[in-house]
Amino acid sequence: MRLYAVVAAGGFRRFATYRIATVAGVFTNTVFGFIMAYTYIALWHERPHLGGYDQAQALTYVWMGQALLTTMALMGGGFEDELIERIRTGDIAIDLYRPADLQLWWLACDLGRAAFQLLGRGVLPMALGALAFPLALPSDPFVWAAALLSIVLGMVVSFALRYLVALSGFWLLDGAGAAQIAWLVGTFFSGMLLPLNLFPGVLGEVARALPWSSLLQVPADVVLGKRTGWGLLNAYAFQLGWAAVLLAAGRLLQSAATSRVVVQGG
C-alpha cells in the first residue's frame, strides 16, 4: 500500500505544478458559479422551495457543484485520456507486466489529482461564493467531516466509472468518443445542471439511483443537512455499493483486456 500512497502523492504534486492552469480554473469556476447562481436566484424567485431547497440551499448547491466539477472530473480532465492513449499506442502492454496492479495504480493517481483539485479549484470558488451570496453552510464540524467522507467515496465512484470507459479502448478504435459520451451523461445525471430532486417522476427516481448521483447530489445533500442519522448511513451505503460494483466490473474488464493483450502478444 505504501507504493500506492506514493503514487497518489505524485499525482497531487503533478497537478500542483500547473499553477497558471489552476488560477485560470479557479477564475473559470467562479465565473460559471456566478452565472449559475443568478440563474438559480431567478428560478427560485418564481418557485420558492423548489426540490425541497430554499434559495440559500439552492445557491449552496451551485457552489458545491463548482467545487466538485473538476474534483470528480465531470467534464473530463482525469486519468482516462492518458490511459486511453496508452491503450491506443500499445504502451499499456508495459503497464500490464509491471509488478503493480493496474487498477490500483490509476486509482491512486486519480485520487491524488482529485485531492489537489478539491483544494486548488474547489475551496476558493466556494469561499468566493460564500462572500457574494447567502449560502446555507453548516456550522457543525461533524457535518463537514461527514461531507468529506461522502466526497471521497464520490471520487472512488467517479474513478470506477471512468476506468470502465477508458478500458473500452481495448475494443474500440478510439476511446475518445466513449469518454465524451460519458462526461455528457455524467454532467446530466450527477445533478450538475439541476439538482436531481427537481427531476420529475420516474426520471427523478432513476437519476437518483444511478451511480452519477454519488458525485454531486449525495455530497451536496450531506452538506445541506438532508442526510442525517440513518439517511447518512444509507447515503454511504449507496456510494460504497456503487463503488464496489463498478470496481469489480473494472477488474473483470481488466482481466479480459489482459488476456487479449497476452493472446495478441503471443
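Here the structure is a predicted model, which is why all the values come from computation and not from measurement. (Residues numbered from 1 in each chain as written. Predicted model: local features only at pLDDT ≥ 70, side-chain atom pairs only at ≥ 80, totals over all residues. Heavy atoms only, no water.)

### Some words on the nonpolar core
Trp63, Met64, Leu68, Met72 and Leu216 are the most contacted members of the largest nonpolar core, which has 45 residues in total. Secondary-structure elements contributing two or more residues to this core are α2 (19-46), α3 (55-69), α6 (102-121), α8 (141-167), α11 (217-223) and α12 (230-265). The dominant element in this core, judged by the number of residues it contributes, is α8, at 9 residues. Once residues lying within four places of it in the same chain are set aside, the contact partners of Met72 are Ile151, Gly154, Met155, Ser158, Arg162 and Leu215. By size, the runner-up hydrophobic cluster in this structure holds 16 residues, among which are Phe79, Leu102, Phe159 and Ala179. (Core = buried A, V, L, I, M, F, W, Y, C linked by side-chain atoms within 4.5 Å. Buried < 20%, exposed > 50% of the residue type's maximum accessible area, 1.4 Å probe, protein only. Helix = DSSP H or I, 4+ residues; strand = E, 2+ residues; numbered from the N terminus. Contact = heavy atoms within 4.5 Å.)

### Focus on the packing of α2 against α6
Between α2 and α6, the least distance of the axes is 10 Å, while the angle of their chain directions is 65°. α2 and α6 meet at a crossing whose hand is right-handed. Within the contact between the two elements, α2 uses Thr22, Gly25, Val26 and Asn29 and α6 uses Phe116, Gly120 and Arg121. Per-class residue counts for the contact of α2 with α6 are 2 nonpolar, 4 polar and 1 charged. (Axes fitted to C-alpha atoms, helices over the stretch in contact; angles between N-to-C directions. Left-handed = near helix turned anticlockwise from the far one by under 90°. Nonpolar A, V, L, I, M, F, W, Y, C, P; charged D, E, K, R; others polar.)

### A word on the packing of aromatic side chains
The full count for this structure, using the stated rule, is 15 aromatic pairs. With a centroid separation of 6.2 Å and an interplanar angle of 35°, the aromatic rings of Trp63 and Phe133 are classed as tilted. With Trp63 in helix α3 and Phe133 in the loop between α7 (123-132) and α8, this residue pair connects regions lying 70 residues apart in the sequence. Both residues of the pair, Trp63 and Phe133, count as buried. A connected cluster of aromatic rings, assembled from ring pairs, spans Phe34, Tyr38, Trp63 and Phe133. (Phe/Tyr/Trp six-rings, centres within 6.5 Å; stacked < 30°, edge-to-face > 60°.)

### A short note on the pattern of salt bridges
A full pass over the atoms with the stated rule returns 7 salt bridges. A salt bridge links Asp101 to Arg251; the shortest N-O distance between them is 2.4 Å. With Asp101 in the loop between α5 (92-96) and α6 and Arg251 in helix α12, this pair connects stretches of sequence that are 150 residues apart. A salt bridge links Asp110 to Arg113; the nearest nitrogen and oxygen atoms lie 2.9 Å apart. Of this pair, Asp110 and Arg113 are both found in helix α6, 3 residues apart, which corresponds to roughly one turn of the helix. This pair shows no difference in class: Asp110 is buried, exactly as Arg113 is. (Salt bridge = Lys/Arg side-chain N within 4 Å of Asp/Glu carboxyl O.)

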